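Structural overview
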Amino acid sequence: MRELRIRTLAGIFALALVLSWAGARMWDALGTLPAVPVAAPIVLAVIATVLTATALSIRARLRAQRERRPGAKGVEPMMAARAVVLGQASALVAALAAGAYGGAGLYLLLGAMDVPARRDQAVYAGLSVLAGAAVVAAAVFLQRVCRLPENDEEPPPPAAAAA
């Protein structure tokens, strides 16, 4: 499984931010701007909490297994792989959502902040960006916890071909 890079997530965030800002500008020119849901930062924060708890649990189990503590529960490889896939998928979606909410929030910040409803929307968008960053951080942490240890040994030399 390939490791998800921060650069990829930053690119997704930036692209979504620009497209969302342009879309919000166009949409507002046509009439009404869609609202940023109040639940968006809450849901993203819950996902970040679940990913962090999963990473801490796996890290503790791996540490107990490495120290050969009696009664230590090991980590099944499939469970670790599923956790990494969940983390990577969550990071991709969070980068996209944070970029989308960030673009809308940026438009609101640069536009009409004198309207209280728009000010509230900008706050919700900002909180969504922060919660999205927390999801990405938790996913990267989970990915690092589940990484296999590097093998410092050199590969065995190829067998000599018999003539």
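Note that the structure is predicted; figures quoted are calculated from it, not measured.

**Overview of the environment of Val135**
Secondary-structure assignment places Val135 in helix H4 (residues 116–145). Classification of Val135 by relative accessible area gives buried; the value is 1%. Separated by 84 residues in sequence, Val135 and Leu51 have C-alpha atoms that sit 7.5 Å apart. Excluding its chain neighbours within four sequence positions, the residues that come into contact with Val135 are Leu44, Ile47, Ala48, Leu51, Ser90, Ala91 and Ala94.

**Quick notes on the pattern of salt bridges**
Taken as a whole and assessed by the stated rule, the structure comprises two salt bridges. For the salt bridge of Glu3 with Arg147, the shortest nitrogen-to-oxygen distance reads 3.5 Å. Of this pair, Glu3 sits in the segment before helix H1 (6–30) while Arg147 sits in the segment after H4, and the two are 144 residues apart along the sequence. Overall, the relative accessible area of 42% leaves Glu3 in the partly exposed class. On the basis of relative accessibility, which here comes to 39%, the residue Arg147 falls in the partly exposed class. The residue Asp28 makes a salt bridge to Arg118 at a minimum N-O spacing of 2.6 Å. Here the residue Asp28 occupies a position in helix H1, and Arg118 occupies one in helix H4, the gap between them amounting to 90 residues. With a relative accessible area of 17%, Asp28 lands in the buried category.

Conventions used here
- Along each chain, residue indices are assigned from 1 in the same order as the chain's sequence is written.
- With the structure being a predicted model, the display of local features is reserved for residues of pLDDT at least 70 and the display and counting of side-chain atom pairs for 80 or more, all residues being used for whole-chain, interface and lining totals.
- By convention in this description, side-chain values take in all heavy atoms of the structure and omit both hydrogens and water.
- Only DSSP runs of H or I reaching four residues or more are called helices, and only runs of E reaching two or more are called strands; each is numbered from the N terminus.
- Remark: exposure states derive from per-residue accessible area (1.4 Å probe, protein chains only) relative to the maximum for the residue type, with buried under 20%, exposed over 50%, and partly exposed in between.
- Throughout, a residue-residue contact means that at least one pair of heavy atoms, one from each residue, lies within 4.5 Å.
- Whenever Lys or Arg places a side-chain nitrogen within 4 Å of a carboxyl oxygen from Asp or Glu, that contact is recorded as a salt bridge.

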